[in-house]
Amino acid sequence: MSGRLASKTAVITGGCSGIGLATARRFAEEGAHVVVADIDDARGAEVAAEIGGLYVHTEVTDKEQVDALFATAKETYGSVDIAFNNAGISPPEDDSILDTDLDAWRRVQEVNLTSVYLCCKAVLPYMLEQKRGSIINTASFVAVMGAATSQISYSASKGGVLSMTRELGVQFAREGVRVNALCPGPVNTPLLQELFAKDPERAARRLVHVPMGRFAEPEEMANAVLFLASDESSFITANTFLVDGGISGAYVTPL
């Protein structure tokens with residue numbers, strides 16, 4: 001099947017790497033007009049050229065820049081049909097609550113949670129006017145599980161994303177707008193690679209709990225986002241969409 005997003009306009013934050021980049025490529029393959037938002041201008045121009053889309057420099061914690069992002073998408077392509085609010089960080093300074101200082105806490109909350117609020121707030125008026133739209137917010141499997149190897153602000157931020165997504169999905173369900181949370185398990189992205197390169201033991205402790213015995217690839221997440229963005233998921237909203245290799249369902253894993 002192809003052309004599942006034909007003539008639809010999709011905005012992707014954090015679109016220059018990892019899950020965002022894989023999704024930008026997948027959406028373009030399916031016929032979407034893709035607007036990539038990021039702060040990596042050199043890479044953004046390359047990605048836009050590769051997929052035949054548009055790059056918009058966007059600091060996702062800045063309301064004016066976020067508003068301008070969605071306005072640009074609307075002005076350029078005539079609609080905003082899909083918003084994949086995906087930008088996020090997981091800095092090494094975010095660790096146990098005993099070690100994470102207030103500045104690190106606030107920075108993660110701003111990028112991971114406040115940015116999703118800003119993006120949803122900016123895009124919803126367009127979708128409500130159109131009476132259609134799909135919003136996909138990147139949460140995480142840690143929004144539904146606890147980890148002894150804590151990243152306290154990251155986990156709290158993703159729990160917030162999940163709760164906000166559920167509420168928006170319920171609030172706007174009868175107005176043609178669906179809102180779902182993608183909850184990835186550990187994914188082989190630059191973000192995870194950077195985190196685990198500094199602490200191989202932490203990586204090993206996580207991998208052993210994944211029943212499939214491996215981390216996901218970004219393309220596997222992109223396929224899940226495509227499903228949530230497309231009309232194939234037309235009766236799915238306010239959903240916790242776990243794509244985690246079974247980790248959230250495991251008591252013990254195979255030997």
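Residues numbered from 1 in each chain as written. Predicted model: local features only at pLDDT ≥ 70, side-chain atom pairs only at ≥ 80, totals over all residues. Heavy atoms only, no water.

Looking up the chain in an unreviewed UniProt entry gives the name 3-oxoacyl-ACP reductase, with the organism given as Nocardioides pocheonensis. You can read under Sequence similarities (unreviewed entry) in the UniProt record for the chain the words "Belongs to the short-chain dehydrogenases/reductases (SDR) family." (UniProt positions renumbered as here; feature names shortened; annotations may be inferred.)

Visitor: What is the right way to read unusual backbone geometry from this model?
Guide: We note that Ser 7 has phi near 70°; this positive angle belongs to a residue other than glycine. In this fold, Ser 7 is placed in the segment before strand E1 (9-13). The exposure class of Ser 7 is exposed, given its relative accessible area of 58%. Positive phi, normally seen in glycine, also occurs at Lys 131, with a value near 65°. Within the secondary structure layout, Lys 131 lies in the loop between helix H4 (102-130) and strand E5 (133-138). (Helix = DSSP H or I, 4+ residues; strand = E, 2+ residues; numbered from the N terminus. Buried < 20%, exposed > 50% of the residue type's maximum accessible area, 1.4 Å probe, protein only.)

Visitor: Which parts of the structure should I look at to understand the packing of H4 against helix H5 (residues 152-171)?
Guide: Contact pair H4 / H5: the axes reach a minimum separation of 8 Å and the direction vectors enclose 15°. Taken together, H4 and H5 sit at an angle that is classed as roughly parallel. For the pair H4 and H5, the sense of crossing is right-handed. In contact with Ala 104, Trp 105, Val 108, Gln 109, Asn 112, Leu 113, Val 116, Tyr 117, Cys 120 and Leu 124 of H4, H5 contributes Ile 152, Ser 153, Tyr 154, Ala 156, Ser 157, Lys 158, Gly 160, Val 161, Met 164 and Leu 168. Residue composition of the contact of H4 with H5, by class: 14 nonpolar, five polar and one charged. (Axes fitted to C-alpha atoms, helices over the stretch in contact; angles between N-to-C directions. Parallel < 35°, antiparallel > 145°, perpendicular 65-115°, else oblique. Left-handed = near helix turned anticlockwise from the far one by under 90°. Contact = heavy atoms within 4.5 Å. Nonpolar A, V, L, I, M, F, W, Y, C, P; charged D, E, K, R; others polar.)

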